[in-house]
Amino acid sequence: MQHPTILMQGITKIFATDEMETHALRGIDLQISSGDFVSICGPSGCGKSTLLSLLGLLDMPSGGSYQIEGKEVSGLSLSEAAFIRNEKIGFIFQSFNLIDELTVFDNIALPLRYRRQSVAKSEIEDRVMACLKTVDMTHRAGHRPNQLSGGQQQRIAIARALVGSPALLLVDEPTGNLDSRNGDAVMDMLCELNNNGTTLCMVTHDPRYADMASRKLHLLDGRILDSDGTPMQQHTTALRQVAAQ
Ligand SMILES: Nc1ncnc2c1ncn2[C@@H]1O[C@H](COP(=O)(O)OP(=O)(O)OP(=O)(O)O)[C@@H](O)[C@H]1O
Ligand SMILES: [Mg+2]
C-alpha cells in the first residue's frame with residue numbers, strides 16, 4: 001500500500017515562556033496525498049504559519065504523530081530534520097528569504113549544496129538552470145536578489161524551492177508582498193507545478209487563490225474546521241460517543 005505523503009495525527013504545538021503557554025495548535029489531523037493542492041485559510045494568529053513550519057520540519061510538535069511517506073519524523077533532531085527537508089520539501093516564504101550576498105544562481109543552488117550526499121557540480125548547474133527556465137529568469141542568474149523586483153525575487157524563491165525536486169512544496173502567503181498582476185503570475189506558476197504532479201500546501205488570505213486548491217482547510221484557534229465550521233475533533237468525539245452507545 002502506498003503511504004500518503006503527509007500524515008499528521010493529533011499534532012499539538014505549545015509555545016511556553018516563563019509567564020505563559022500559547023497553544024498554537026490543538027490537535028491537528030491532516031492527510032495530504034501525492035499530487036494534492038491544499039490551501040489553508042484562517043484569521044491572524046490561528047496557527048497557519050506554525051502548522052506550515054511543522055509540516056516543513058522547521059520546528060517540532062509538542063505532541064502527536066507526524067509521518068512523511070510512512071516514516072515517523074516527529075522525534076527527529078533539527079539537524080536530522082534538515083536533511084529530510086532538503087531532500088523532500090520545498091519552502092516558499094512570504095518574505096522570500098533570499099541571501100543578498102549570493103547571486104541568484106547560488107541562492108537556488110543552496111539546497112543542493114546542503115545535501116547529505118554531495119551533488120556533482122555539473123548536476124547542480126543543470127538543475128539550477130532548468131529551474132531558472134521554469135520561472136523565466138535565466139537572464140538574471142548572475143544578479144543579486146536586491147537587484148531584482150519583488151515579483152522576480154518571488155520567482156527566484158520558487159526556483160530555489162523547486163531545485164531539489166521536492167515531494168512537497170509548502171508556501172506561506174506567496175502573493176502577500178506582490179501586486180495583483182505579479183500575484184496572479186506566481187499563482188499560475190504554482191498551479192502549473194501542481195498540474196505537473198507537485199504536491200502543494202499553501203497558506204493564503206486571498207479567497208480567490210484559496211479557491212484554486214483542490215482542498216480548502218480552515219483553521220481557527222489551532223484547530224481545523226470542517227466545511228460547516230465545526231472543529232473536526234468535535235465530530236470525531238461525537239462519532240466515538242455514538243459508537244460507544
Ligand atoms: N515562537 C513563538 N513563541 C511564542 N508564541 C508563538 C510563537 N510563534 C507563534 N506563536 C503564537 O502562536 C499563535 C499562532 O501563530 P502563527 O504565526 O502560526 O499564526 P498565523 O495563523 O500564521 O497568523 P498570521 O496570519 O498573522 O500570519 C499566535 O498566537 C502566536 O502568537
Ligand atoms: Mg503566518
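The rules behind the values
Residues numbered from 1 in each chain as written. Chains lettered and ligands numbered in written order. Predicted model: local features only at pLDDT ≥ 70, side-chain atom pairs only at ≥ 80, totals over all residues. Pairing = 2+ DSSP bridges. Helix = DSSP H or I, 4+ residues; strand = E, 2+ residues; numbered from the N terminus. Near = placed C-beta within 6 Å. Nonpolar A, V, L, I, M, F, W, Y, C, P; charged D, E, K, R; others polar. Axes fitted to C-alpha atoms, helices over the stretch in contact; angles between N-to-C directions.

Within an unreviewed UniProt entry, the label attached to the protein chain reads ABC transport system ATP-binding protein, and the organism entered is Rheinheimera soli.

Engineer: With reference to specific residues and values, describe the sheet that holds strand 2 (residues 21-32).
Structural biologist: What the four strands build is an open sheet, ordered 2-1-4-5; its pairing is antiparallel. With partners counted over all chains shown, the strands left at the sheet margins are strand 2 and strand 5 (71-72), one partner each. For strand 1 (residues 6-16) and strand 4 (residues 63-68), the ladder comprises five bridges, and the chain directions are antiparallel. Note that in strand 4 the partner of M8 across the bridge is Y66.

Engineer: Report on the site of ligand 1, specifying residues and quantitative values.
Structural biologist: Contacts to ligand 1 come from F15, T22, A24, G42, S44, G45, C46, G47, K48, S49 and T50. Of all elements in the fold, only strand 2 and helix 1 (48-55) reach the threshold of two or more residues within the shell around ligand 1. No other element matches helix 1, which puts three residues into the shell around ligand 1. Looking at the shell around ligand 1, its residues break down into three nonpolar, seven polar and one charged.

Engineer: Give a description of the sheet that holds strand 3 (residues 37-41) that names residues and reports values.
Structural biologist: Strand pairing within a sheet occurs via backbone hydrogen bonds; the two strands may be parallel or antiparallel. Across the sheet, which stays open at both edges, the six strands sit in the order 6-7-8-3-9-10 with mixed pairing between neighbours. Strand pairing shows two members of the sheet lacking a second neighbour, strand 6 (89-92) and strand 10 (223-225), which therefore form its edges. Neighbour-to-neighbour, the strand axes of this sheet turn through a mean angle of 25°, independent of strand direction. With five bridges connecting them, strand 7 (residues 168-172) and strand 8 (residues 199-203) associate as parallel partners.

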